[in-house]
Amino acid sequence: MVRGHEEGHKTQRAGWLRAAVLGANDGILSTASLILGVAAATPNGSGIVIAGVAGVVAGSMSMAAGEYVSVSSQADTERADLELEKKELKSDRKNELKELAAIYVGRGLQPGLATEVAEQLMAHDALGAHARDELGMNAASAPKPVQAAVTSAVSFAIGGALPLAALFVARTMLMPIVAGSSLLFLALLGGIGAKIGGAPIPRAAARVTFWGALAMGLTSAVGALFGTHVG
Ligand SMILES: [Zn+2]
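Not measured: the values here are computed from a predicted model.

Student: Explain the overall build of the protein to me, please; I cannot follow it from the model alone.
Tutor: Scanning the protein from N- to C-terminus turns up seven helices and zero strands. When its helices and strands are written in sequence order, the protein yields α-α-α-α-α-α-α. Relative to the compact-globule value of 17 Å for 231 residues, the protein shows a C-alpha radius of gyration of 25 Å, a clear excess of over 25%. In terms of overall dimensions, the protein has a C-alpha envelope of 75 × 35 × 25 Å along the principal axes. With 231 residues in all, the protein has 28% of them scored as buried. Considering only contacts in the protein between residues 6 or more positions apart, those separated by 24 or more positions represent 73%.

Student: What is the right way to read helix H3 (residues 93-106) from this model?
Tutor: Residue pairs three or four apart in sequence face the same way in an α-helix, which turns once every 3.6 residues. Along its 14 residues, H3 runs 20 Å from first to last C-alpha, staying within 8% of the 20 Å computed at 1.5 Å per residue. When H3 is considered as a whole, its buried residues turn out to be Glu96, Leu100 and Ala101. Take H3 and look down its axis: the buried residues cluster within an arc of 135 degrees, on one side only. Along H3, the residues that are exposed and aim more than 90 degrees away from the buried face are Lys94, Asn95 and Gly106. Where the residues of H3 are buried, they touch helix H2 (45-91) and helix H4 (111-133). Phi turns positive, to about 115 degrees, at Gly108, one or two residues after H3.

Student: Explain unusual backbone geometry here, please?
Tutor: Most of the time, phi is negative for any residue but glycine, and the peptide bond is trans. For Met173, which is not a glycine, the phi torsion comes out positive at approximately 50 degrees. Relative to the assigned elements, Met173 resides in the loop between helix H5 (145-169) and helix H6 (174-197). Given 10 C-beta atoms within a 10 Å radius, Met173 is considered exposed.

Student: Just to check I follow, could you spell out the nonpolar core for this structure?
Tutor: The tendency in soluble globular proteins is for nonpolar side chains to be buried as a group. If you look at the biggest cluster of nonpolar residues, it comprises 33 residues, and the most contacted ones within it are Ile28, Ala32, Ile35, Leu36 and Val178. Contributions of two or more residues to this core are made by helix H1 (2-41), H2, H5, H6 and helix H7 (201-230). A per-element tally of this core places H1 first, with 13 residues. If we skip the residues at most four places from it in the chain, Leu36 touches Met175, Val178, Ala179, Met216, Thr219, Ser220 and Gly223. Ranked by size, the runner-up nonpolar core spans five residues in total, among them Leu100, Ala101, Ala118 and Ala129.

Student: Can you walk me through the environment of Gly193 in this structure?
Tutor: The residue Gly193 is located in helix H6 in this model. Residue classification places Gly193 among the buried residues on the basis of 22 C-beta atoms within 10 Å. Along the primary structure Gly193 and Leu82 are separated by 111 residues, whereas in three dimensions their C-alpha atoms are 34 Å apart. Discounting chain neighbours no more than four positions away, the residues touching Gly193 are Arg18, Val21 and Ala204.

Student: It is not clear to me how the confidence of the model for the protein should be interpreted in this structure. Could you clarify?
Tutor: Should pLDDT be low for a region, the predicted coordinates there are not to be read in detail. Confidence in the prediction of the protein, expressed as mean pLDDT, is 89, and 92% of residues score 70 or more. When the criterion is pLDDT under 50, residues 1-7 qualifies, and its contacts beyond four places in sequence or with other chains add up to zero contacts.

Student: Explain the packing of H2 against H5 to me, please; I cannot follow it from the model alone.
Tutor: The geometry of H2 relative to H5 is characterised by a closest axis approach of 8 Å and an angle of 160 degrees between their N-to-C directions. Regarding the angle of H2 to H5, the classification is roughly antiparallel. Once H2 is placed against H5, the crossing between them reads as right-handed. Across the contact of H2 with H5, the residue classes break down as 20 nonpolar, seven polar and one charged.

Student: Explanation requested: the environment of Gln110 in the structure shown.
Tutor: Its place among the elements puts Gln110 in the loop between H3 and H4. Sequence separation between Gln110 and Trp16 is 94 residues, and the spatial gap between their C-alpha atoms is 37 Å.

Basis of the calculations
- Residues numbered from 1 in each chain as written.
- Predicted model: local features only at pLDDT ≥ 70, side-chain atom pairs only at ≥ 80, totals over all residues.
- Helix = DSSP H or I, 4+ residues; strand = E, 2+ residues; numbered from the N terminus.
- Rg over C-alpha atoms; globule rule 2.2 N^0.38 Å.
- Buried ≥ 20, exposed ≤ 12 C-beta atoms within 10 Å, placed from the backbone.
- Contact = placed C-beta atoms within 7 Å.
- Expected span 1.5 Å × (residues − 1).
- Arc of directions from axis to C-beta.
- Core = buried A, V, L, I, M, F, W, Y, C linked by C-beta atoms within 7 Å.
- pLDDT = per-residue confidence, 0-100.
- Axes fitted to C-alpha atoms, helices over the stretch in contact; angles between N-to-C directions.
- Parallel < 35°, antiparallel > 145°, perpendicular 65-115°, else oblique.
- Left-handed = near helix turned anticlockwise from the far one by under 90°.
- Nonpolar A, V, L, I, M, F, W, Y, C, P; charged D, E, K, R; others polar.

Here it is, written out as structure tokens:
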């Protein structure tokens, strides 16, 4: 029992941390790619810095908006499901009892015991029992749009600040320094993400480094192509 309780907390924390790791990952990768793309196109130092800063701001806002919209619509769906369930409980309590008992039978209880469990749970908190066991909702994982938006925006900004910092440090060899340090950050973050999720660390780090290198390489190539054509 105690063990199950602790594992519940772990999953909850993993969900929140996972979102933050993903946001930071996006921030590093898209800002580094943007910087490299512009740097490949133009030797204009302040233009590269402006592009990088604008990329961090735009990316953070876009992450926040996207998360807010997606988590809000998830919350709307859950609310609508609960309303429907409330109505059904009012109009057809008998069938709802059968429905709940059938779910417990499906999980391995004997029919008689399942009905008894369903009756007692419904007497205690009918809507809660249906929300948990029929709809699979629980208070801990309830969608929180503002929290999701802020987490994504802040973690993206922190991630994006890393290639920007590399840009400021690099006096010469700007592109190799930004690309190399960003790949290192990506690999580290991929390892942390894997550790949180209990997945193999080297494989996760290799995967994220591969996609990172691909994204940066492609953006640099496009930048160089446009740079020679425009400039
Ligand atoms: Zn129900």
